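Structural overview
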Amino acid sequence: MSSEEPARRRAPGPSRWRLTLSDVGRLLSTWAVSTAALWLSALLLPELSASSLWDLALVAAVSGLVGLLVRPVLVEVSVRIAWLTVLPLAFVVQGVVMHVAMITVPGITSTWLVAFVVSWVSAVAGTLAAYVASAGTDASFTSALARRDRAVTVPDPEVDGLVVVQLDGVPFPVLRWAVQAGRVPTIRRWVGSGSHLLTEWTPQLPCTTPASQLGILHGTVDGVPGFRWYDRELGRVLVANHPADARIIEERASDGRGLLCEDGTSISNLFSGDAGRSLLTMSHVAASPGSLQTKRSLAWFMLTPTGFARSFTRTVGEVVKERWQRRVQVRQGLEPRVPRTWTFAFLRALTNALQRDLNTALVSEEMLAGRKVVYVDYVDYDEIAHHAGIFRHESVAALDGLDRVLAQLEQLAARAPRRYRLVVVSDHGQSQGQPFADRYGQDLSAVCAGLMAVEVRHPEAADEGWARAGALVQDLGDQGLAGRVARPAQRRVDEAVDEGRSGHTDRAQDVVVLASGNLGLLQVQGPSRLSVDELDRRWPRLLPGLTAHPGVGFVAGLDDAGVPWAYGHDGRCQLATGEVTGSDPLREYGEPARRLLARAVLRPEAPDLYVNSLVERDTLDIAAFEELVGAHGGLGGWQESAVLLAPSEFGDSIPDRVEGADQLHQVLLGFLRRSGQRLVSAAQAEIERPGFAGSHADHLAPGRPDGDR
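Anyway, here's the lowdown on the structure attached to this text. Everything quoted here is computed from the prediction, not taken from an experiment.

**A short note on the environment of Leu40**
Examined against the element boundaries, Leu40 turns out to sit in helix H1 (residues 21-44). With 82 residues separating them along the chain, Leu40 and Ser122 place their C-alpha atoms 9.9 Å apart.

In structure tokens:
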């Protein structure tokens, strides 16, 4: 939209609550069921009597009205005292409200204990009625979020807002197929109407959330050679989704001018993007646990039928569904597959039910408050596809659920005090295949230990979902009683995540092998990086043994002269020039493979040796070094094919090729400028123009542009 067009959103006037027919129906059904519950209680409990059915109906109406007035007070009290007091407080207050209603209405006699019991019989019945009527639907949830609207006037309504929704791990080919197949109706409508452009971008190596989010939010992919790696400066393993480690990574990368630095909000991310407000964000929960807004949103969920009943029933349903789908996979003999435990079932329920709704509620509040830019990560698809597969029914169903979230955000944006544009990205794709250890009977660390004849350390990888649970627990952290109650759960989360951080030792010659999907990192612990030549001199069987292994596609590292090489079974490729001796080890990995690999190997934080699994020519199957069906991290298949779905009016700001999350950062900065944000001088705009940082064919290890990225 040009600056001359008059369609800018104006700041809204005072918020009005509009009573719809569905609201009336829900209220009447709840009232009727609550009255029936009171009548049944009066028949069964001699301590409760009423002169007429209408008296009971009046009690139900009065208690409902008092509950509506008391609920906002409960929310504020609970978040300021301790969030774990929400349920006990609600439990007691519900009885008080019912007792007051019975005292107020003539013709009712009851004791306090009976009033307390009856209050919960009535509340449960009314909640079930409300849920059956509409509370379980996305429309009712959206309506409930919209009714939380408060009158807000922003000083600059002519500036458009941007909401960037990250659909974690969704490959571009999968989303394109879903659109063509008639799934994801919201995205299909956007693309079909021409309002949005669906394009592909290529993540850097490693194709992981930490590298991509650091690049997208902070403009650099330096400092992150994998999902977990041995950090030479600290002398220990860093795990990017551990809060304390995420904070270290962000502090090294941030210059204060990240994507969200100007009135931005980070929600459920690894890094903050220098946002003024960070909610459920890994790098910040370690520093400032106990976000008041997160507590308030959770309290609202727990104290309303729309929130609690919806999320609780969906969470239980997700666990049941996961266990059933696991059995179906086994019964049908689907391959590849991995064991799907009860732990995964509960973590899946957390990400696909409670956390999805909580994220949506938080984004809604930020839009209604007029924040200029919001970045939120939904991990639903990624979590399921890791264990089920990238095209399996349950994974595609998660994609449908995320599409419904986009529809909700689209509706909620219409109530905001400024116009919002919705941009959808994925941080990487995923590839699929039978895990390396299942195929060959031993994992990568065991293969390396046999070839080197030394003990190889291989810290176990904790499930990523534990870290998500940890962020939620820490962001709800309290002092006092609630904090003590929550502490055992937090310890369980920390123990699960810390399994991936072990590996510190004082012995400089210890070898560590770590996995990021189908990308292996071999590092000899010590202050400096070893060349491939030095590794060959110390362990002459290592390089020939790895390149000859049927599950290894190539290994890569620097020679003594600092030249980057990729080695295969019967050939090698000089990554800086593309010169090939023998057979090209990268021939099955696609056109950008050499550039992506060269850029990764040349970084100073890279491991001594990168090991990438095979990729099957016909099926695009890989062999993850972790126990995962769907995986990402290295090269091969669709893991380096990610999504960018942007408003068509931004089309001329998107270069023909977006390669690397740092270039996508520049593209998103262009979107912000087109929205009236991050305005810079003409000279700086030339530095930041799309394509400036993205032509990796010409510069394999580009530096970061100066100034305001």
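**Let's talk about helix H14 (residues 380-388)**
With nine of its nine residues buried, H14 lies for the most part within the structure. Along H14, the residues classified as buried are Asp380, Tyr381, Asp382, Glu383, Ile384, Ala385, His386, His387 and Ala388. At the C-terminal side of H14, Gly389 shows a positive phi close to 120 degrees.

**Focus on the packing of helix H13 (residues 342-368) against helix H15 (residues 393-413)**
Where H13 contacts H15, the axes come no closer than 10 Å and their chain directions differ by 15 degrees. Viewed along their axes, H13 and H15 adopt a mutual orientation that is roughly parallel. Viewed along their axes, H13 and H15 form a crossing whose handedness is right-handed. Every residue of H15 that contacts H13 at Arg348, Asn352, Arg356, Thr360, Val363, Ser364, Met367 and Leu368 is listed here: Glu394, Ala398, Gly401, Leu402, Arg404, Val405, Gln408, Leu409, Leu412 and Ala413. Class assignment of the residues belonging to the contact of H13 with H15 gives a composition of nine nonpolar, five polar and four charged.

**With respect to a nonpolar patch on the surface**
A surface patch of nonpolar side chains, amounting to about 510 Å² of accessible area, comprises Val96, Val100, Trp112, Leu113, Val117 and Val121. Among the secondary structure elements, those contributing two or more residues to the nonpolar patch are helix H3 (86-104) and helix H4 (112-135). Top contributing element to the nonpolar patch by residue count: H4, with four residues. Along the chain, Trp112 turns up in helix H4. Residue Trp112 is classed as partly exposed on the basis of its relative accessible area, which comes to 40%.

Cut-offs and rules
- Residues numbered from 1 in each chain as written.
- Predicted model: local features only at pLDDT ≥ 70, side-chain atom pairs only at ≥ 80, totals over all residues.
- Heavy atoms only, no water.
- Helix = DSSP H or I, 4+ residues; strand = E, 2+ residues; numbered from the N terminus.
- Buried < 20%, exposed > 50% of the residue type's maximum accessible area, 1.4 Å probe, protein only.
- Axes fitted to C-alpha atoms, helices over the stretch in contact; angles between N-to-C directions.
- Parallel < 35°, antiparallel > 145°, perpendicular 65-115°, else oblique.
- Left-handed = near helix turned anticlockwise from the far one by under 90°.
- Contact = heavy atoms within 4.5 Å.
- Nonpolar A, V, L, I, M, F, W, Y, C, P; charged D, E, K, R; others polar.
- Patch = residues over 30% accessible without salt bridge, like charges linked within 9 Å, V, L, I, M, F, W, Y side chains within 5 Å.
- Areas by Shrake-Rupley, 256 points an atom, 1.4 Å probe, with all protein chains shown as cover.
- Salt bridge = Lys/Arg side-chain N within 4 Å of Asp/Glu carboxyl O.

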